[in-house]
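Residue-level structural notes
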Amino acid sequence: MYRTILFVVLFSTLLVAQKNDFYKELDRITNMNYFDAASISIVVTDLDNDTVIFSKDAKKLMHPASNMKVITSAAALIFLGPDYLFKTMMLPDGAIRNGVFTGKVYILGGLDPDFTQKDYATFIEWFKEKGVSSINAEFIADTTNQDSLLWGNGWMWDDDPFFDFPYMTSLVCNDNGFTLYYEPGEIGMPVNYSLNYNSPQFSIINNSVTVAEDTSDLSFRRNLFSKTDNRFRIEGLHSIDEKPDSIKLSLKVPDINALELFAQELRNNGISVQASYSRGICKSGKTDTVLFTRKLADVLPNLNKESDNLSAEMLLRVMGKELDGNKPFAKSGIKSLDKLAELVGISPDNLRMVDGSGVSHYNLVTADFLSRIVTYLYQKRPDLYPVFFNSLPVSGVDGTLEKRMLSGAANKSIFAKTGTLSGVSTLSGYAKTTTGTNISFSIFIQNFVGKTSIARYYQDKICELICKYL
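Residues numbered from 1 in each chain as written. Predicted model: local features only at pLDDT ≥ 70, side-chain atom pairs only at ≥ 80, totals over all residues. Heavy atoms only, no water.

**Some thoughts on the sheet that holds strand β6 (residues 177-183)**
Heads up, the rule is: A pair of strands is treated as paired once DSSP finds two or more bridges between them. The helix and strand labels rest on DSSP assignments: H or I over at least four residues marks a helix, E over at least two residues marks a strand, and numbering proceeds from the N terminus. Lines are fitted to the C-alpha atoms to define the axes, a helix being fitted only along its stretch in contact, and any angle between axes, read from their N-to-C directions, falls within 0 to 180 degrees.
Read across the open sheet, the three strands follow the order β7-β6-β13; overall the sheet is antiparallel. A strand with exactly one partner marks an edge of an open sheet, and here the two such strands are β7 (192-195) and β13 (245-250). Looking at each pair of strands side by side, their axes are set apart by 25 degrees on average, direction ignored. As judged from the four bridges shared by β6 and β7, these two strands associate in the antiparallel manner. What sits directly across from Tyr181, in β7, is Ser194.

**Observations regarding the pattern of salt bridges**
This is how the line gets drawn: For this document, the term salt bridge refers to a Lys or Arg side-chain nitrogen within 4 Å of an Asp or Glu carboxyl oxygen.
For the structure shown, the criterion picks out 17 salt bridges. Of the charged contacts in the structure, one is a salt bridge between Arg222 and Asp160, with a shortest N-O distance of 2.8 Å. Pair noted here: Arg222 is in the loop between β10 (219-221) and β11 (231-235) and Asp160 is in the loop between β5 (134-142) and β6, with a separation of 62 residues, a long-range link. A salt bridge links Glu322 to Lys321, with the nearest nitrogen and oxygen atoms 3.5 Å apart. A network of salt bridges, in which partner residues are shared, links Asp112, Asp119 and Arg294.

**Concerning helix α7 (residues 309-323)**
Put simply, the rule reads: Here a helix's expected span is defined as the number of its residues, less one, multiplied by 1.5 Å. For every residue, the accessible area obtained with a 1.4 Å probe (protein chains only) is divided by the maximum for its type, and the residue is called buried under 20%, exposed over 50%, and partly exposed between those limits. Whether two residues are in contact is decided by their heavy atoms, any of which lying within 4.5 Å being enough. N or O atoms closer than or at 3.5 Å make up a polar contact, with two conditions inside protein: a donor-capable atom paired with an acceptor-capable one, and, for residues adjacent in sequence, both atoms drawn from side chains.
In this model α7 runs 21 Å from its N-terminal to its C-terminal C-alpha over 15 residues, within 8% of the 21 Å that 1.5 Å per residue would give. Of all 15 residues that make up α7, 12 are buried, and the element is covered over most of its length. Of the positions making up α7, those classed as buried are Asn309, Leu310, Ser311, Ala312, Glu313, Met314, Leu315, Leu316, Arg317, Val318, Met319 and Gly320. Close packing links the buried residues of α7 with α3 (68-79), β3 (85-97), α6 (296-305) and α8 (330-343). A side-chain oxygen of the first residue of α7 lies 3.4 Å from the backbone nitrogen of Leu310; this N-cap is Asp308.

**Looking at the sheet that holds strand β8 (residues 203-206)**
The three strands are arranged β8-β11-β10 in an open sheet whose pairing can be described as mixed. On the outer flanks of this sheet lie β8 and β10, each paired with one strand and no other. Between one strand axis and the next, the sheet turns by 20 degrees as a mean value, whatever way the strands run.

**Some remarks on the packing of helix α4 (residues 121-129) against helix α5 (residues 254-268)**
Under the convention used in this document: Oblique is the label for every angle not falling under 35 degrees (roughly parallel), over 145 degrees (roughly antiparallel), or within 65 to 115 degrees (roughly perpendicular). Crossing handedness is defined as follows: a turn of the near helix away from the far one that is anticlockwise and smaller than a right angle gives a left-handed crossing, while the clockwise case is right-handed. Three categories are distinguished: nonpolar for Ala, Val, Leu, Ile, Met, Phe, Trp, Tyr, Cys and Pro, charged for Asp, Glu, Lys and Arg, and polar for the others, with Gly belonging to the last.
Two numbers describe how α4 lies on α5: the axes approach to 10 Å, and their chain directions differ by 50 degrees. Compared by their axis directions, α4 and α5 come out oblique. You can see that α4 and α5 cross each other, and the crossing is right-handed. Mapping the contact onto sequence places Phe123, Ile124 and Phe127 in α4 and Phe262, Glu265 and Leu266 in α5. By residue class, the composition of the contact of α4 with α5 is five nonpolar, no polar and one charged.

**Concerning the nonpolar core**
Under the convention used in this document: We define the nonpolar core as a collection of buried residues of types Ala, Val, Leu, Ile, Met, Phe, Trp, Tyr and Cys that are connected through side-chain atoms lying within 4.5 Å of one another.
By size, the foremost hydrophobic cluster in this structure holds 61 residues, and its most contacted members are Ile71, Leu337, Leu340, Met353, Val365, Phe369 and Tyr430. The set of elements that each furnish at least two residues to this core consists of α3, α6, α7, α8, α9 (367-380) and α10 (385-389). Among the elements that make up this core, the one with the highest residue count is α3 (nine residues). If we skip the residues at most four places from it in the chain, Ile71 touches Leu337, Leu340, Met353, Val365, Phe369, Leu370 and Ile373. Core analysis: the next-biggest nonpolar cluster, separate from the first, contains 42 residues, Phe115, Val191, Ala263 and Leu266 among them.

**Re the pairing of strand β15 (residues 290-295)**
Looking along a regular strand, one sees the side chains alternate between the two faces of the sheet. Burial along β15 is one-sided: the face carrying Val290, Phe292 and Arg294 is buried and the face carrying Leu291, Thr293 and Lys295 is not. Judged from the six bridges that link them, β3 and β15 form a sheet pairing that is antiparallel. For Met90, the partnering residue across the bridge sits in β15 and is Val290.

**Topic: the packing of aromatic side chains**
Geometry of an aromatic ring pair is reported as the spacing of the ring centres plus the angle between the planes. The criterion, for reference: Only rings of Phe, Tyr and Trp enter the pairing, Trp through its six-membered ring, and a pair is recorded when the two centres are within 6.5 Å. The plane angle decides the type: under 30 degrees is stacked, over 60 is edge-to-face, the rest tilted.
Counted under the stated rule, the structure contains 30 aromatic pairs. Their ring planes at 55 degrees and their centres at 5.3 Å tell us that Phe35 and Tyr458 sit as a pair that is tilted. Taken together, the positions of Phe35 in helix α2 (residues 34-37) and Tyr458 in helix α11 (residues 452-469) put the pair 423 residues apart, joining distant regions of the chain. Using a relative accessible area of 11% as the deciding quantity, one classes Phe35 as buried.

Here it is as structure tokens:
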């Protein structure tokens, strides 16, 4: 009995000493010279005891960057449910004679962010079952499940034409962009390039030059002032010593490109196609409706692990459509984010949320808000928590945390969403400590100049302290 009491006393003393070390080290980090200019906001919560272990400036408004995706994905899980179905529909309107389909083919975009040209297989099977070997039709994209905004509110004009800033449409295909692979050519000649797929909807003008010097200033541009111009220009010098690389680029009018990819897939499956492409609205009374569906739960891993902006923006619009009187608009979707704030005890009047992905610098939220969301899911929604938890990047393993916290107590023990903008770095999620304690946390660092890697370094150090001492 005496030995048992002695062990409990010693163990409790050890835990107190470890927490003291945690506070001491965390205080040392947050008072370093770096934070004379940069701002830091932190909340650390013991989930099992429902106790805030540490808080610093947790209610200061700051930019969340891609931590907005925590808010968007949590709201979608709570208000739509993990089994909500994204629905992309084909409505053929025509006649089939002697194996030839003639008429119109409507594709109704369902805001499915992960739809690819391979998913057209469901629609192609309908033509095969009908014995169609040739199509002569007008392909029409119905994008009424989308507002007229091509980008999110407050997105930066100079982020074009990069893949992380996709143009919006309810008929998504191949992430509304393409990948360009490039490598040095012969000296004095343009770089060599190839594409992951070809489409008449975009073109490449290669004005680059391969040089012997150790210099590279390669750029990829297109006309910023046209809503339809998809002529990309490769310009600048590229050293012969550079290794092969790739870049992902976004497409304007991606819904028309999606129709072209449908035609390509039909041809790849042995059906000849003569088609024109346009936008329109599906007419009622079609005799056949072909449906492709995808669960919300299947969308979240790519959204959070890879920090996919398009996925977050589609979720925002889906919430507008389903929860605000069939209004598939970003502004309507924000109402669900406001509702989530109220659910976890925060007035949305004290926040500013304008997009679903966090690309916009207009967003202003608090680390306290993010902490309350992840804590709420763990404590109040055990039915949803595993789906959300499994969608988060894991330190040293995958997603945007794959190359962070590769050793030490935090390795494979942090499950959190990253966020990065110019002068902004955020990290919110969960930690499993060496003693088995379940922790939630949110760390916002911003208003810094220079490399984001420095802010990430401090975040990783804090995560190490959490896992080691708590």
